[in-house]
Amino acid sequence: MKRRADLIAVMVIVLMASVFPVHLLPSAPQEMRGTDGQLSGKQGQVLLVKVPVDGQPKSVTGLFLKRRIPFFVDSAPQYMGLLGIDLEDAPGTHELIIDLHYPNARRRLSYNVLVMKETYPVQHLTLPRDKVDLDEESLVRVKAEQDQVQAVLATATQERLWHGGFIEPVQGTMTGAFGRVRIINGQPRSPHNGEDIGAPLGADVVAMNDGVARLTVDHFFSGKGVFLDHGFGFLSMYFHLSEVAVRDGDSVKRGQVIGKVGASGRATGPHLHWGVRLNGARVDPYSLLKLSLREGEPSDPGR
Ligand SMILES: [Zn+2]
């Protein structure tokens, strides 16, 4: 519950780019170290970063821990980007570089981002070995499925398809499972990279924003699932469905039904596993719901 309260504290941070001119680089000033409510967030959170920009750059791109973060016009002359802090990003201060590409020039801005540690629940389980260790055939299958997912994650659409605010994909009970670490028979597993929402079998699952159904699957662990590509390196995923209602390549709108809640794959009961990747960062999907993005904003050029 404490974590929920922390999520509500996700802040909109307006960066005063003009205050930190490019000649200060590469070492950013000490006072940007994320104290006093400046650019800072916990592991798994999403920061809405706003940057006032001079003139009309062709593109504005951020780089944070080797992850590329596209920026786009919010309301001129301000640009906006979603900075995802991966659930395993090391706590401490990391640099966010923002490159402004003009037709005949380039400017570089630098900010410090303080990543704070999140405390995730740890679950110790002792299970019979045959319940834990996969047989050879399953191992091969799981590996192939992981490769398929990696290939999809690597080919996300470079234009922005999402706009406005985000919505919860199903009405249900949030279990607080994001980031949970399971230690099975003394062996730590990968942290749980999504949120589980308890909901009745057959309940509608809807798209959290506009996008394209990049991949529909029936996988060993995740069961029947949908990977939505919202563009700009933002993907959402919906697992353990009983039914998938979209096909690969379908365009979807926010709120459109993409499947139904189920318990397919490795699931103990009906629930939705809802995950989000933001430019490679595994973030808590609920942190996106807390961002103050206005409905219908930012405007979509060309639409
Ligand atoms: Zn899950």
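Residues numbered from 1 in each chain as written. Predicted model: local features only at pLDDT ≥ 70, side-chain atom pairs only at ≥ 80, totals over all residues.

Secondary structure assignment for the chain yields 4 helices and 21 strands. Considering only intrachain contacts with a sequence separation of at least 6, the fraction spanning at least 24 residues in the chain is 72%. (Helix = DSSP H or I, 4+ residues; strand = E, 2+ residues; numbered from the N terminus. Contact = placed C-beta atoms within 7 Å.)

Ranked by internal contacts, the top residues of the largest apolar core, which has 55 residues, are Leu-83, Val-226, Tyr-238 and Leu-272. Of the residues forming this core, the biggest block, 7 residues, is contributed by strand β17 (residues 234-244). Both domain 1 (2-116) and domain 2 (122-289) contribute no fewer than three residues apiece to this core. Not counting the four nearest positions on each side in its chain, Tyr-238 is found in contact with Pro-169, Val-205, Gly-225, Val-226, Ile-258, Gly-259, Leu-272 and Trp-274. (Core = buried A, V, L, I, M, F, W, Y, C linked by C-beta atoms within 7 Å. Buried ≥ 20, exposed ≤ 12 C-beta atoms within 10 Å, placed from the backbone. Domains from an automatic or database assignment.)

Where strand β9 (residues 122-125) and strand β11 (residues 181-184) come together, 4 bridges link them in parallel fashion. Its bridge partner being in β11, Gln-123 is matched across the sheet by Arg-182. Where β11 meets strand β12 (residues 187-188), 2 bridges bridge the pair, whose relative direction is antiparallel. Each bridged residue has a counterpart across the sheet, and for Ile-183 the counterpart in β12 is Pro-188. Hairpin connection from β11 to β12: 2 residues lie between these consecutive antiparallel strands, with Asn-185 at a positive phi of about 50°. (Pairing = 2+ DSSP bridges.)

A word on the pairing of strand β13 (residues 194-198). Side chains on a regular strand alternate between the two faces of the sheet. With 4 of 5 residues buried, β13 is to be regarded as a mostly interior element. Relative to β13, strand β10 (residues 173-174) is paired through 2 bridges, and the arrangement is antiparallel. Bridged to Met-174 within β13 is Ile-197. Pairing of β13 with strand β20 (residues 271-278) involves 5 bridges; the strand directions are antiparallel. If you follow Gly-194 over to β20, its bridge partner there is Gly-275.

On to helix α3 (residues 136-154). Given a rise of 1.5 Å per residue, 19 residues ought to cover 27 Å, and the 27 Å separating the end C-alpha atoms of α3 matches this to within 8%. For α3, a buried count of 0 out of 19 residues is recorded, marking the element as mostly open to its surroundings. (Expected span 1.5 Å × (residues − 1).)

Time to look at the sheet that holds β12. Strand order in the open sheet made by the 3 strands is β9-β11-β12, with mixed pairing throughout. Lying at the two open borders of the sheet, with one neighbouring strand each, are β9 and β12.

On to the environment of Val-115, then. On the secondary structure map, Val-115 appears in strand β8 (residues 106-116). Taking the C-alpha atoms as reference points, Val-115 and Asp-89, 26 residues apart in sequence, are found 7.5 Å from one another. Sequence-distant contacts of Val-115, defined by excluding residues within four places in its chain, comprise Gly-41, Gln-43, Ile-85, Asp-89, Ala-90, Pro-91, Gly-92 and His-94.

A few words now on the environment of His-192. Its place among the elements puts His-192 in the loop between β12 and β13. Judged by the 21 C-beta atoms lying within 10 Å of it, His-192 is buried. A C-alpha to C-alpha distance of 5.6 Å links His-192 and Phe-178, two positions 14 residues apart in sequence. Once you skip the residues sitting within four places of it in the chain, His-192 turns out to touch Ala-177, Phe-178, Gly-179 and Arg-180.

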